[in-house]
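# Understanding the architecture of this molecule
Chain residues, written in single-letter form:
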Amino acid sequence: ISIQLMKTVVSTFGAVYRSYCQPRTISTCRFVSAQSSRPEETRLAHIERQFDAVPKEERSREAFHAAIVLFKERRSRQHVEFIHSALKYIKEFGVHKELDTYKALLNIFPKGKMIPQNTFQRIMLHYPQQQNCCVKVLDEMEWHGVQPDKEIHDIVVNAFGEWNFATKKIKRMVYWMPKLKYSNKYIDRRQIEGKKLTAAELSGHALKMMARDPATTIDFVKLGDGPSSSSTDAHLEDDWIVSAQSVQQRRILAGLKEGTKITVDGPFRVYIMEHPIQYVKMTSPPLDKPFEEFEKHDMVGREDFSDWFSEWTRERSGRGRSVHEQRNETVLAMSVLSKNDNLSAEKWIRYLQKTSPSLEKMMVHIRIDKGDEMFDTEKKEDVNKEEVHAANTV
Amino acid sequence: VQGRSVPMAACAAASLLHSSTRSLVGAARTTAAVGRVQRRGAADNAPTRQGKQHNEVVSSELKEGAVEKPKLFGGFCVPVNIAFPNKKGVPGWEDREHDVKEVMKEGPAMLKKEFEKLGRELSSMDGSVEKTDILETLGGLKDDEARAEFRFHTPEDLSLWHTGCDSDWKEGFSSARFEPTDRGTAVFSGTLSSAIMKDGRVERAGWASIKLEDKAAFNRRKYLSQWNNYSHLMIKCRGDGRSYKVMLHSPLALDMTWGDSYSFPLHTHGGPYWQYERIPFSKFFHTVSGRIQDRQQSVSLTDVSSVSIVLMDRLDGPFALELDWIGVVHDRSHIEETAYETYTLPLWNTHGI
């Protein structure tokens, strides 16, 4: 046992022991303690004191498990109340996303005692309070997205039997949660959940999720003016840009006419798993040719092969629409700025100019200093003109 | 071309994120009245409160403690369970009293509207057999043949969709709205909040949804049977990275089947790119009132009468999903009938419960 665990066990023990050292009128055993002789200790203890008694600074994983261990050693009754009170505190103790928490809670139930032995027990919900409590624990686990494994299934089976009400719950979880866990094909959640990612890493994952062109390169650019910066610019340490642009976008940019209006819009919000990220996008007006999503096929048109050769050559030689050229805009690049202001956007544009020198000749409007972050679905109004810059005047 | 001057706008910047017209504090403040039907925490196929059409402002003249009186005509509310006295699950439903005056006032207008609808229906039901329609019905679809069924260009298109969230039922504090944009699309947006209303009934909260309510004349159901031979459901949308849920509702004749639906998550990747999300119909799993069932069967589109998109991903915060169209597409290489195990249970077995 680590020293840390020992310390927390001792401190928790000290905080919690008091609540156990009450003479009980019904039980046959008495907890022997010097403190039990005091008059105020003779009142019945509240079952929720176990977790509430732990001071806020010490509420940690070790404290939680220590409290459970203490309960198991001391108490042979009132499992349900204890588990209910534990469920109220799992978030505060920071253990709500761990499978071990739920295993420890379900291990409190006695094994074998609650398994139905005859048909009537099977029909009627045998030990209903305990089964409902178990379902509440599993509900909490499902709510927090914790995936079950065979061990927790076996714990429930040993407590309630193979085909019981609570066991059905864990069987359903074991069947459905793995089926749907990786249904989101836009992210690799193994890289994001349970990991302590920096803001820049998270932004990189978010940009990867949003970028629909597989050839997008994501660059991490560290800003900060170098040795010439003064000592007060310590906050610039966290100044960076994560920029995402693909080869096709660069080609589109190179092919734009001089003086095209390019807009840098943001910040927009996107969620990557549970983290909200603010990103910024650079767009140009849409192409002149109409955006065709559907090809009409008449019965006659389907069977018409009279122009087959010209159609075929047109398909082969003509350039189709890329994924960046959308109906209302053409997306040229996306990025996440550590500071969402026009200045950082200008630095981003200067970074992009290294690979796309034609950007200097464009009319770039930056509209970031607007305050409210939005979703990409809501259009930013071109209202506050003070914030509109042209890149070539900078 | 240098420094092209742009005219300064004199008007103040209009806030695009205007606050929802439904005040959440107000919803929490008005006390629920009589005989509320017990609802499960995440009843995400629950219809919106009676009388509330999309974007309709709930009357703020309602005094504190007063309950909105259920309307006789015009409201839309799916009955929940015929076993309870309060069939619709709406407070005050079983105690409602309607004057004859109300019938006389509202009846004619309602009847006129419904007969007009019926007329339109009958006139569109032409007897001639269109070649393309017949092919569609018989299953002669080409690969990648698609059909954009629900678009969002006109206000009539949008009026078919109703929003719902937990605060409508006084079970939470989320907000939702469904508004058109100037691009011919519509945005389903709002804020999700998992804060629990402390009334002792609600255990979990935080859901918002939009549901299609396209009814024929006289509230008759319309089925999406024209989708029968297509293999995938296709939604062109632009989300915010959150995981929504698409549900195909098939409440049939019995009250036991009124909660029947087929669901699948709609994961969005967010960003400025539009997303053509194709979900094969074989992947939809059978849910009843949002709960996944043990016995699975594949969706039969001749029974499906409604589509809804729900958000209940347990993340607090604002959300937005822009929809361009919802339709179907046929992929001839998709031969899967159902993605889940189907089996018949032995005769004397109660495990199907």
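This one's a predicted model, so the numbers in the text were calculated from it and none came from an experiment.

### Observations regarding the overall build of chain B
Helix and strand counts for chain B come out as 4 helices and 13 strands. Counting all 353 residues of chain B, 44% fall into the buried class. Pairs at least 24 residues apart make up 76% of the contacts formed inside chain B by residues separated by at least 6 positions. Summing over all exposed atoms, chain B offers an accessible surface of approximately 17900 Å²; the carbon and sulfur share of this is 55%.

### Concerning the confidence of the model for chain A
In low-pLDDT segments, the atomic positions of the prediction should not be examined closely. All names here are of chain A. Per-residue confidence for chain A gives a mean pLDDT of 83, with 80% of residues at or over 70. Put simply, helix 12 (residues 299-302) is where chain A has its lowest mean pLDDT, 58, and helix 8 (residues 150-160) is where it has its highest, 97. Low confidence marks residues 22-44, where pLDDT is under 50. Its contacts with residues over four positions away, or in another chain, come to 24 contacts. Residue range residues 383-394 is modelled with pLDDT below 50. Its contacts to residues more than four positions away, or to other chains, number 30 contacts.

### Let's talk about the sheet that holds strand 3 (residues 261-272) of chain A
Residues and elements named next belong to chain A. In spatial order, the strands read 1-2-5-4-3-6; together these 6 strands make up an open sheet with mixed pairing. The sheet terminates laterally at strand 1 (216-222) and strand 6 (363-367), the two strands that pair on one side only. Going from strand to strand, the sheet's axes swing by 25° on average, the running direction of each strand aside. As defined by bridge partners, strand 2 (residues 240-246) adjoins strand 5 (residues 330-337) across 4 bridges and the pair is classed as antiparallel. Residue pairing across strands places Val242 opposite Val336, the latter belonging to strand 5. Across the sheet, helix 10 (residues 199-210) lies against strand 1, strand 2, strand 3, strand 4 (275-284) and strand 5, angled at about 20° from strand 2, the strand it touches most. Most of the contacts of helix 14 (residues 342-355) go to strand 2, to which it runs at about 45°, and overall it touches strand 1, strand 2, strand 3, strand 4, strand 5 and strand 6.

### Focus: the packing of aromatic side chains
Aromatic rings considered in pairs are described by the distance between their centres and by the relative angle of their planes. One pass over the full model with this rule turns up 29 aromatic pairs over all chains. Here the guanidinium or amino end of Lys236 of chain B rests over the ring plane of Trp274 of chain B, the centre of that ring lying 5.0 Å away. Here the guanidinium or amino end of Arg242 of chain B rests over the ring plane of Tyr271 of chain A, the centre of that ring lying 4.7 Å away.

### Observations concerning helix 14 of chain A
Residues and elements named next belong to chain A. Between its first and last C-alpha atoms helix 14 spans 21 Å; for 14 residues at 1.5 Å apiece the expected length is 20 Å, and the two agree. Considered for burial, the residues of helix 14 that qualify are Asn342, Ser344, Ala345, Glu346, Trp348, Ile349, Leu352 and Gln353. Of the surrounding secondary structure, the elements contacted by the buried residues of helix 14 are strand 2, strand 3, strand 4, strand 5 and strand 6.

### Brief notes about the packing of helix 8 of chain A against helix 9 (residues 165-181) of chain A
All names here are of chain A. It is the contact of helix 8 with helix 9, at a shortest axis distance of 9 Å, that shows an interaxial angle of 165°. By the criterion of interaxial angle, the relationship of helix 8 to helix 9 is roughly antiparallel. Crossing hand, helix 8 versus helix 9: left-handed. Counted together, Ile152, His153, Val156, Val157 and Phe160 of helix 8 and Ala166, Thr167, Ile170, Lys171 and Val174 of helix 9 form the full contact between these two elements. Here the contact of helix 8 with helix 9 is built from residues that sort into 7 nonpolar, 2 polar and 1 charged.

### Brief notes about the nonpolar core
Within the largest apolar cluster, 43 residues are counted, with the highest numbers of intra-cluster contacts made by Trp227 and Phe284 of chain B. Among the elements that take part in this core, strand 13 (residues 317-330) of chain B stands out by supplying 5 residues, more than any other. Among all residues touching Phe284 of chain B, those that are not within four sequence positions of it are Leu233, Val246, Leu248, Tyr262, Ser263, Phe264, Ile279, Val299 and Tyr340 of chain B. Counting residues in hydrophobic clusters, the runner-up holds 41 residues, among them Val54, Ile68, Phe71 and Ala159 of chain A.

### Some remarks on the side chain of Thr167 of chain A
Tracing the backbone through its elements, the reader meets Thr167 of chain A in helix 9. Setting aside its immediate chain neighbours within four residues, Thr167 of chain A contacts Val156, Val157, Phe160, Gly161 and Glu162 of chain A.

### Some thoughts on the sheet that holds strand 10 (residues 285-288) of chain B
Residues and elements named next belong to chain B. With antiparallel pairing, the 7 strands of this open sheet are ordered in space as 2-5-12-7-8-10-11. Edge positions in the open sheet fall to strand 2 (161-165) and strand 11 (291-292), since each of these has one partner strand only. Across 5 bridges, the pairing between strand 2 and strand 5 (residues 208-212) is antiparallel. Bridged to His162 within strand 5 is Lys211.

### Looking at unusual backbone geometry
Residues and elements named next belong to chain A. Gly266 connects to Pro267 through a cis peptide bond whose omega is -15°. Note on placement: Pro267 falls in strand 3. The residue Met273 is not glycine, and still its phi comes out positive at about 55°. Along the chain, the position of Met273 falls in the loop between strand 3 and strand 4.

### Notes on the pattern of salt bridges
When the charged atoms of two side chains with opposite charge come close together, those side chains can pair. Counted by the stated rule, this structure contains 36 salt bridges over all chains. Ionic pairing is found between Lys169 of chain A and Asp139 of chain A, a salt bridge with its closest N-O pair at 2.8 Å. Of this pair, Lys169 of chain A sits in helix 9 while Asp139 of chain A sits in helix 7 (residues 128-143), and the two are 30 residues apart along the sequence. Judged by its relative accessible area of 12%, Lys169 of chain A is buried. Here Asp313 of chain B and Arg242 of chain B are joined by a salt bridge, their closest N and O atoms 2.9 Å apart. Of this pair, Asp313 of chain B sits in the loop between strand 12 (306-311) and strand 13 while Arg242 of chain B sits in the loop between strand 6 (232-238) and strand 7 (243-249); the two residues are 71 residues apart in sequence, bridging distant segments of the chain. This pair shows no difference in class: Asp313 of chain B is buried, exactly as Arg242 of chain B is.

What counts, and at which threshold
- Residues numbered from 1 in each chain as written.
- Chains lettered and ligands numbered in written order.
- Predicted model: local features only at pLDDT ≥ 70, side-chain atom pairs only at ≥ 80, totals over all residues.
- Heavy atoms only, no water.
- Helix = DSSP H or I, 4+ residues; strand = E, 2+ residues; numbered from the N terminus.
- Buried < 20%, exposed > 50% of the residue type's maximum accessible area, 1.4 Å probe, protein only.
- Contact = heavy atoms within 4.5 Å.
- Areas by Shrake-Rupley, 256 points an atom, 1.4 Å probe, with all protein chains shown as cover.
- pLDDT = per-residue confidence, 0-100.
- Pairing = 2+ DSSP bridges.
- Axes fitted to C-alpha atoms, helices over the stretch in contact; angles between N-to-C directions.
- Phe/Tyr/Trp six-rings, centres within 6.5 Å; stacked < 30°, edge-to-face > 60°.
- Lys NZ or Arg CZ within 6 Å of the ring centre and 35° of its normal.
- Expected span 1.5 Å × (residues − 1).
- Parallel < 35°, antiparallel > 145°, perpendicular 65-115°, else oblique.
- Left-handed = near helix turned anticlockwise from the far one by under 90°.
- Nonpolar A, V, L, I, M, F, W, Y, C, P; charged D, E, K, R; others polar.
- Core = buried A, V, L, I, M, F, W, Y, C linked by side-chain atoms within 4.5 Å.
- Salt bridge = Lys/Arg side-chain N within 4 Å of Asp/Glu carboxyl O.

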